[in-house]
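# Tertiary structure, described
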Amino acid sequence: MISDTNEIIEKVLIDEDSLNVRIKKLASQINDHYKDEDTLIMVAILKGSVMFMAELAKHIKLDINLEFMAVSSYDSGTISSGNVKILKDLDTDIKDKNVLLVEDIIDTGHTLLKLRNNLEKRDPKDIKIVTLLDKPERREVDIKPDWYGFKIPNEFVVGFGLDYDQKYRNLPYIGILKRSVYEG
Ligand code: XMP
Ligand code: MG
């Protein structure tokens, strides 16, 4: 059983209703942007983006292809741009296709920048980025999402796909993790 959430969660930052309302709004902006296109390849970065991808995709009004990629988290030694360790690659060719990268959260931005550089080499028609959460204070490289759900302060958050040590992804809201969980 999941531990008592009062012991894990400092505070609920974004509740379930607010997430759903905002994601629908994002989908409508994305629909407007691609209104003259027929197809879109949505690429979720495993595992954190799975819930966001599922909720967003329900409201997209194009023929979409759902794709998943897994990349290794960067370490301080990996500075070379365009270099990202791909643990699971796309199942499809993105040449001349519209690609929408679906992220859970942009923090320093290193992961996404490297991933985008990697995908750009495959000659897609276009690559755009949508992230549910953005921690702009933490940014170390120049990358901006085309659409974002919420800007959040520099706190460690879990839920709606986001984990601490692979746990709490199944919480239906975004909550700030109590410091005692990772400091205690
Ligand atoms: P970058 O490369 O932008 O990495 O620094 C983004 C990735 O870092 C993880 N991350 C978090 N995961 N709560 C989480 O559960 C957070 O508050 C958080 N901040 C960053 C996440 O995997 C994201 O894809
Ligand atoms: Mg992630």
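Attention in this report is confined to the structure presented alongside it. Keep in mind that what you see is a predicted model, and the values were worked out from it rather than measured. Per-chain numbering applies: the sequence of each chain, read as written, is numbered from 1 onward. Chain A is the first chain written and ligand 1 is the first ligand written, with later ones labelled in order. Where local features are concerned, this predicted model is filtered to residues with pLDDT of at least 70; where side-chain atom pairs are given and counted, the filter is 80 or more; whole-chain, interface and lining totals use all residues. With hydrogens and water excluded, all non-hydrogen atoms of the structure serve as input to the side-chain values.

### Re the site of ligand 1
Distances are taken per atom, and a residue is near a molecule or strand as soon as one of its heavy atoms is within 4 Å of it. Taken together, the neighbourhood of ligand 1 is formed by 16 residues, with Thr-108, Gly-109, Thr-111, Val-157 and Asp-163 sitting nearest. Pairs of N or O atoms are called polar contacts if they sit within 3.5 Å, as long as, within protein, a hydrogen donor faces a hydrogen acceptor (for residues adjacent in sequence, only side-chain-to-side-chain pairs). One of the backbone N or O atoms of Asp-107 is found 2.9 Å from an oxygen atom in ligand 1. Here an oxygen atom of ligand 1 sits 2.5 Å away from a polar atom, N or O, in the side chain of Thr-108. In short, Shrake-Rupley with a 1.4 Å probe defines the accessible areas, and a residue's cover is counted only from the protein chains shown. Relative to its unbound accessible surface of 510 Å², ligand 1 loses 83% to contact with the protein. A run of DSSP states H or I qualifies as a helix once it reaches four residues; a run of E qualifies as a strand once it reaches two. Both are numbered from the N-terminal end. Elements with a minimum of two residues in the shell around ligand 1: strand E5 (98-106) and helix H3 (110-120). Considering each element in turn, the shell around ligand 1 owes the most residues, four residues, to E5. Each residue is assigned to one of three groups, with Ala, Val, Leu, Ile, Met, Phe, Trp, Tyr, Cys and Pro labelled nonpolar, Asp, Glu, Lys and Arg labelled charged, and all others, Gly among them, labelled polar. Broken down by class, the residue content of the shell around ligand 1 amounts to six nonpolar, four polar and six charged.

### So, the environment of Lys-85
Within the secondary structure, Lys-85 sits in the loop between strand E3 (63-71) and strand E4 (86-88). Burial classification: accessible surface area is computed with a 1.4 Å probe over protein chains only, and a residue below 20% of its type maximum counts as buried, one above 50% as exposed, and the rest as partly exposed. The exposure class assigned to Lys-85 is exposed, which follows from its relative accessible area of 57%. Considering only alpha carbons, one finds Lys-85 and Lys-121, 36 residues apart in sequence, at a separation of 15 Å. Contacts are residue-level and defined by heavy atoms, with any inter-residue pair within 4.5 Å sufficient. Ignoring any residue separated from it by four or fewer positions in sequence, one finds Lys-85 in contact with Ala-70, Val-71 and Ser-72.

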